[in-house]
Amino acid sequence: MPGKLKVKIVAGRHLPVMDRASDLTDAFVEVKFGNTTFKTDVYLKSLNPQWNSEWFKFEVDDEDLQDEPLQITVLDHDTYSANDAIGKVYIDIDPLLYSEAATVISGWFPIYDTIHGIRGEINVVVKVDLFNDLNRFRQSSCGVKFFCTTSIPKCYRAVIIHGFVEELVVNEDPEYQWIDRIRTPRASNEARQRLISLMSGELQRKIGLKVLEMRGNAVVGYLQCFDLEGESGLVVRAIGTACTLDKLSSPAAFLPACNSPSKEMKESPLVHPPSHGCRSTHNSPIHTATGSRLTQNFSVSVPTLIYTGMGSGSAGKEGGPFKALLRQQTQSALEQREFPFFTLTAFPPGFLVHVGGVVSARSVKLLDRIHNPDEPETRDAWWAEIRQEIKSHAKALGCHAVVGYSESTSICEEVCILSASGTAAVLNPRFLQDGTVEGCLEQRLEENLSTRCGFCHIPYDELNMPFPAHLTYCYNCRKQKVPDVLFTTIDLPTDATVIGKGCLIQARLCRLKKKAQAEANATAISNLLPFMEYEVHTQLMNKLKLKGMNALFGLRIQITVGENMLMGLASATGVYLAALPTPGGIQIAGKTPNDGSYEQHISHMQKKINDTIAKNKELYEINPPEISEEIIGSPIPEPRQRSRLLRSQSESSDEVTELDLSHGKKDAFVLEIDDTDAMEDVHSLLTDVPPPSGFYSCNTEIMPGINNWTSEIQMFTSVRVIRLSSLNLTNQALNKNFNDLCENLLKSLYFKLRSMIPCCLCHVNFTVSLPEDELIQVTVTAVAITFDKNQALQTTKTPVEKSLQRASTDNEELLQFPLELCSDSLHSHPFPPVKEHLESASSNSGIPAAQRDRCSSWIELIKLKAQTIRRGSIKTTVTVEKASPVGDGNFRNRSAPPCANSTVGVVKMTPLSFIPGAKITKYLGIINMFFIRETTSLREEGGVSGFLHAFIAEVFAMVRAHVAALGGNAVVSYIMKQCVFMENPNKNQAQCLINVSGDAVVFVRESDLEVVSSQQPTTNCQSSCTEGEVTT
Amino acid sequence: MTSELDIFVGNTTLIDEDVYRLWLDGYSVTDAVALRVRSGILEQTGATAAVLQSDTMDHYRTFHMLERLLHAPPKLLHQLIFQIPPSRQALLIERYYAFDEAFVREVLGKKLSKGTKKDLDDISTKTGITLKSCRRQFDNFKRVFKVVEEMRGSLVDNIQQHFLLSDRLARDYAAIVFFANNRFETGKKKLQYLSFGDFAFCAELMIQNWTLGAVDSQMDDMDMDLDKEFLQDLKELKVLVADKDLLDLHKSLVCTALRGKLGVFSEMEANFKNLSRGLVNVAAKLTHNKDVRDLFVDLVEKFVEPCRSDHWPLSDVRFFLNQYSASVHSLDGFRLECGGTIWAHCNLHLPGSSNSPASAFQVAGTTSVHHHAQQFFLYFQ
């Protein structure tokens, strides 16, 4: 069914001078969508034209609405010769296609030209009238929401998490078409930009269709990438996690009116009288009243369970059989899926049961061997193969799912390395399937989850371990076995108990490779890969030990292929998990004894290492409580490498080789210095300088151990390219250069951001590429967030304190609760939160647990809730001051007075999924932009640095402008997915391609919210109380 | 290993005030790095010289990109490329348009032309300000001049509106533009003791009282040009010195009023005719462009120097001039309007006769009363 797209061109400003004679411009605008073009009048002789055009109306299929971008071209009218293009604006109208997001796009957009950059701005208004869709719109998927955020977006609740969706489209790269020889660089760039825009639209639509098939309504953790394969084509591929999301009514808390759906849903709750502590209610359909377009053929009801009881099960002893049962459950839930993968890195409470470890797979492919390059089949098969491998690895670890899953490629000429990695995990089936789960299982599960160390417990069978490992009893609950080191690709679960602070740990590695052609090259690369992985892993392990920590989160290993070398860069955030055993030290052993001076040297090194470990422990405040051996119940095992990366490399020939990285029986923490290589390793270990005081860094969403963020944030991108001296390159020299590059880059960042101290660099994302023979390019995007130092001093908290803190967090959430009570009369509530609310509220307000057990009728429960709310909310005002929780978007606000910029609204950008000190109230849609910039006057533009600096600033500006036009004031989960830079200084030319994405949102400062919410509870309580009375 | 490319782009553009100052002062990256090293920043932060180099380069690049926008400050407010908090924007603009006293003293009253620009090397060596910085300041003067040259309305308001400068800086620019437009000679050795502040004060009063804008704010003209008609009228002052009776009467009136109040009364009495003649002649000559240019030189020669040679204290000069203009009013047959004119002169002299700009402000307090009187006189002309 068609829709009507309406566009109005209002005005322009700051246009460039196009007529040298008059120093003015005669500008007009072409508006193009699909194959239809409209033009405005020519506005003569002005750099600030006021077109004020009529509404240009395009009547188009919604399929086109999803695929095509709106293309606005500003031109200079020329009577005698061809009109000169000033620049273009591409507007993705996708955010207008779902009901809850933006309703209008209106604002100033930078006019962008691929040769000249931004040339003035244009004011545009865009609207879409979608006719109500009555058919099953099989070709379009309007209404499916997309989120880049890799967790459940803040103002939504996951009803079901369906699972993995992927899609891949291929097209011929316009840069390699024959026509490119005769057209201008501008035309070629624009063709490319337009093509990628079209392809991403198509991709999104196709993924949307898959989601609808799965009966979901959203894609979370949507990651879209493009591969420039060169001759063989241009690939745009995307992965994501299909979910059914339900909008929480709480963000509407400051819009005091009750939501309209409440009336229609009056009769919907099917309430069963609660049996002992266990109650099942009916969940209401998702967005009933408003989601007219989407939900007509589509409503999901999910019976869920609520627990108010205090069951006293014994988890430990029954652990074994229970685990099996759980596995069966999960298995059945997951086996329907081809790939039980999730791109999420943070999960709703209770979702993650156990974590096995990192699984990864790589494969080297030759692009010129694709039989049918224009069709996606071959690439689909490649990825399917890798995913299959990941799946089998996960199975070997006793896990049925992979979380924190991501895919990447590295291309050099005709060789392509495909990589996939994730964390094998056991998940709670509750979120995965529509059916009811048996009560008893559910209950056990809850108990298991109630401990904060659950996710550390091994998922595999102790007697049937997939690799040699040594286990200990969990240091937290002492009932289950845990490994001694844990590597994961996900974020640290919010309820995990961490001692001290975390830190960024990187392993960097270069390997020279002979230049070769085709298969020989591919073979050489696949032969090198295992060694690289091994070394990266060893480095990570050693550095982790050196920091005195025992777990890695957010691990991302990137392997980049170049003409004559391979680069490996692994980044992760190290933490000390209280549940895992204390890591052992590092011992150095020499191979040649009986040499006095040598031994002396070794002992010297040993001392240095020990000193570093001690220093790091102090720096990161790692001081775990002393535990006597008796309590643990089993002798403390020798420290031994436990975690394992399962991976394999397969060449085009599909030959799979498994590599065991567990070092066999050898103690992993003894470094043997038997040759210069090893010496280098030890040295490089010690060269990593800790960040200056007041600085912390991590590559996860939040820094473990810091929870008092203030509202100042600074997102940045830094790019460095170094040229290696081509003379006698050795692996060592290469390693050193690469190491220095990364270290210097970090140092530079610390220096630049020194005014923000104390602050933490979060989500530090390093990307390495090898654009040419001797060039190494490193791109870093991160966000610096300030925090309150005074509070930071008390961060080492015992679990008890932590849980108290959490309780008060939940209390804050209670603020939202009253409204739900009155608005939808207590039927559809996210159950896990309810449980927490009740528990925490009662623990705080002093209602004895027994009372909750006794409450045998639903009405009584309401009363009780109203009571707890009243108490809870009073309490909240106090606790807000005391605690500042992390992960719920509730942060202390110490913001400076808001910048009142009259003309240009401030748009914040952050790679994180939240904004400190603020609450996200609305998601406006996905931002996915691709830009090409080219210059033929490189020197005049300030050389390569000047060129790229200006370009990145322009990209930021365009992202901000689009967000502002959607009515948003921030971009969250921002990511620069690609930054391909090519230069030719001899020809004075350079070209750069940048692909960025993120979620446009509206946020409200917590200080503004507090004013409203502090008034809210009283009124709501009253209303809910009266309601309660009426029912009685 | 050589660095090919090294950039840092923040969502909020980072502005380092110290580096900005170094950039404005025209130091090259290498010099700026050396200066920063000397400031001890490395010890404070534990950074290396390479880090400092990269940081400085980065800031310089940013400033370079911002410079285009700073040429038209309202653009800086509306542009989308750099997200800068308003307070920082104001700082950028204010600092960019700030100038060195030593430099402005050199070019004050000169034509802002290419020729003058060529002489900037000499000024640079003379004042010790880098050529780059001289160029920036000169270009700023010229740009402001070009923009407000043909504009109606208050000069200061126009400058403030188009360059978003603070009140104080806008006033200074108004003075510079006014001097450049009228090409007042300020470079003579005799005038070297006067500071820019002194001239700026004079310029402000002249804009208020001598220009077309001052005569009638409804008029289509602006604050830049002197009111020709007014200058013509000044010729009639000659009667004050040409008519012997009038001169004597004037003298006696002044002397009676000031007897006992002046420390240098006898010198004043002896010199009255000379001084009066000097003042009136300066005023009467102003119809010629060349004499307008030499206004300050003449005033110093004809009035300030005689006073100085007699060691008049500042307060006495003020007393004398006030009384000198006040007495004129009571002279029969003298047109009232001239009193205002003379009065305006008086104020001009005061800062000139002192070395302290503070005295200028003391007088400023008394001006408003006189100002109204003068307008009143002109009205009845």
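As the structure is a prediction and not an experimental result, all values here were calculated from the model.

Caption draft 1: Spotlight on the overall build of chain A. Looking only at helices and strands, chain A features 20 helices and 35 strands. Across the 1032 residues that make up chain A, the buried fraction comes to 61%. Partitioning the contacts of chain A with sequence separation of at least 6, the portion at a separation of at least 24 is 78%. As presented, chain A carries roughly 38,800 Å² of accessible surface, and 51% of it is formed by carbon and sulfur atoms.

Caption draft 2: A look at the nonpolar core. Counting 233 residues, the largest nonpolar core has Leu-70 and Ile-122 of chain A together with Phe-320 of chain B as its most contacted members. Ranked by residue count, the leading element in this core is helix 19 (residues 943-965) of chain A, at 15 residues. Excluding residues that lie within four positions of it along the chain, Ile-122 of chain A makes contacts with Ile-9, Ala-11, Gly-12, Val-29, Trp-51, Ile-72, Val-74, Val-89, Gly-107, Trp-108, Phe-109 and Ile-111 of chain A. Listed in part, the 45 residues of the second largest apolar core include Tyr-156, Val-220, Leu-344 and Val-575 of chain A.

Caption draft 3: Looking closely at the side chain of His-962 of chain A. By the element assignment, His-962 of chain A lies in helix 19. Each residue touching His-962 of chain A, except ones within four places of it in the same chain, is listed here: Tyr-90, Ile-91, Phe-109, Ile-927 and Met-929 of chain A.

Caption draft 4: The pairing of strand 21 (residues 498-512) of chain A, seen in detail. Residues and elements named next belong to chain A. Across the 15 residues that make up strand 21, a large majority, 14, are buried. Pairing analysis gives twelve bridges linking strand 21 to strand 23 (residues 565-577), with the strands arranged antiparallel. Note that in strand 23 the partner of Cys-510 across the bridge is Met-567.

Caption draft 5: The packing of helix 9 (residues 120-127) of chain B against helix 10 (residues 131-148) of chain B, seen in detail. Residues and elements named next belong to chain B. Contact geometry for helix 9 and helix 10: axes closest at 9 Å, N-to-C directions at 120 degrees. Compared by their axis directions, helix 9 and helix 10 come out oblique. The handedness of the crossing between helix 9 and helix 10 comes out as right-handed. Facing helix 9, whose interface residues are Leu-120, Asp-121 and Ser-124, helix 10 presents Leu-131, Cys-134, Arg-135 and Phe-138. When grouped by side-chain class, the residues that make up the contact of helix 9 with helix 10 number four nonpolar, one polar and two charged.

Caption draft 6: How the structure looks around the interface of chain A and chain B. Counting residues at the interface gives 52 residues for chain A and 39 residues for chain B. The three residues of chain A that bury the most area against chain B are Phe-751, Lys-752 and His-949 of chain A, which together make up 20% of that side's buried surface. For the interface between chain A and chain B, the tally reads 23 residue pairs in polar contact (both at pLDDT 80 or more). Elements supplying a minimum of two residues to the side of chain A that touches chain B: strand 7 (104-113), strand 8 (117-130), strand 29 (709-723), helix 12 (731-752), strand 32 (908-909), helix 19 and strand 34 (970-984) of chain A. Counting residues per element, the side of chain A that touches chain B draws most heavily on helix 19 of chain A, which supplies 13 residues.

Caption draft 7: A look at the sheet that holds strand 32 of chain A. Residue and element names in this part refer to chain A. Read from one edge of the open sheet, four strands run 32-34-35-33, paired in mixed fashion. The sheet terminates laterally at strand 32 and strand 33 (918-935), the two strands that pair on one side only. Note that strand 32 and strand 34 share two bridges and pair parallel. Looking across to strand 34, one finds that Lys-908 is bridged to Ala-970. Sheet strands touched by helix 2 (residues 185-213): strand 33 and strand 35 (989-1005). Its angle to strand 33, the strand with the most contacts, is close to 145 degrees. Running over the sheet, helix 19 touches strand 32, strand 33, strand 34 and strand 35 and is turned about 145 degrees from strand 33.

Scoring rules and cut-offs
Residues numbered from 1 in each chain as written. Chains lettered and ligands numbered in written order. Predicted model: local features only at pLDDT ≥ 70, side-chain atom pairs only at ≥ 80, totals over all residues. Heavy atoms only, no water. Helix = DSSP H or I, 4+ residues; strand = E, 2+ residues; numbered from the N terminus. Buried < 20%, exposed > 50% of the residue type's maximum accessible area, 1.4 Å probe, protein only. Contact = heavy atoms within 4.5 Å. Areas by Shrake-Rupley, 256 points an atom, 1.4 Å probe, with all protein chains shown as cover. Core = buried A, V, L, I, M, F, W, Y, C linked by side-chain atoms within 4.5 Å. Pairing = 2+ DSSP bridges. Axes fitted to C-alpha atoms, helices over the stretch in contact; angles between N-to-C directions. Parallel < 35°, antiparallel > 145°, perpendicular 65-115°, else oblique. Left-handed = near helix turned anticlockwise from the far one by under 90°. Nonpolar A, V, L, I, M, F, W, Y, C, P; charged D, E, K, R; others polar. Buried area = accessible area lost by both parts, 1.4 Å probe. Polar contact = N/O pair within 3.5 Å; in protein donor to acceptor, adjacent residues only side chain to side chain.

By themselves, these observations are geometric and do not establish any function.
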